[in-house]
Amino acid sequence: MAKHKKFQINCVTMVIKEGGIVKIRLRLKDLREDNDLTQKDIAAIIGTSPQYYQKYEKGIYLIPVDRLELLADFYNTSTDYLLGRTPFSRPYPKNRRQK
């Protein structure tokens with residue numbers, strides 16, 4: 001059991017060192033503010049509580065993939081953009097996303 005917990009801590013630490021958490025946090029907050037929405041508004045859109053969404057935006061909790069996809073669809077962007085893997089906010093063409 002202790003090895004499993006240590007493994008999880010190492011994975012989170014590695015993600016933070018790569019800057020992934022920081023990029024996700026900044027993108028989520030920037031997009032929300034650019035659209036004049038509150039954390040409560042976004043929480044309702046993705047089907048979670050405002051408290052959970054606040055923790056996603058602060059980087060305390062990692063956002064589940066299904067909720068990340070909902071946010072990408074709502075903001076009309078790609079999950080890669082939200083994750084900080086690309087600087088381009090435009091979503092992929094529909095024929096590429098459906099595969």
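Refer to the preceding data block for the structure.
(A) Summary view of the packing of helix 3 (residues 39–46) against helix 4 (residues 50–58). Contact geometry of helix 3 with helix 4 gives a least axis separation of 8 Å together with a crossing angle of 105°. One way to sum up the angle between helix 3 and helix 4 is to call them roughly perpendicular. Contact residues: helix 3 offers Gln39, Lys40, Ile42, Ala43 and Ile46, while helix 4 offers Pro50, Tyr53, Gln54, Tyr56 and Glu57. In terms of residue class, the contact of helix 3 with helix 4 is built from 6 nonpolar, 2 polar and 2 charged.

(B) Seen up close, unusual backbone geometry. With a phi close to 50°, Asp36 is a non-glycine residue in the positive phi region. Within the element layout of this structure, Asp36 appears in the loop between helix 2 (20–34) and helix 3. The class of Asp36 is exposed, set by a relative accessible area of 70%.

(C) Structural detail: the environment of Leu31. Among the structural elements, Leu31 can be located in helix 2. In the structure, Leu31 is positioned 51 residues away from Leu82 in sequence and 9.3 Å away in space, judged by C-alpha atoms. In this structure Leu31 touches Tyr75, Tyr81 and Leu82, once residues within four positions along its chain are discounted.

(D) Seen up close, the environment of Val65. Residue position: Val65 is located in helix 5 (residues 65–74). Since its relative accessible area comes to 59%, Val65 is described here as exposed. Sequence spacing of Val65 and Thr79 is 14 residues, and the spatial spacing of their C-alpha atoms is 8.9 Å.

Criteria and cut-off values
Residues numbered from 1 in each chain as written. Predicted model: local features only at pLDDT ≥ 70, side-chain atom pairs only at ≥ 80, totals over all residues. Heavy atoms only, no water. Axes fitted to C-alpha atoms, helices over the stretch in contact; angles between N-to-C directions. Helix = DSSP H or I, 4+ residues; strand = E, 2+ residues; numbered from the N terminus. Parallel < 35°, antiparallel > 145°, perpendicular 65-115°, else oblique. Contact = heavy atoms within 4.5 Å. Nonpolar A, V, L, I, M, F, W, Y, C, P; charged D, E, K, R; others polar. Buried < 20%, exposed > 50% of the residue type's maximum accessible area, 1.4 Å probe, protein only.

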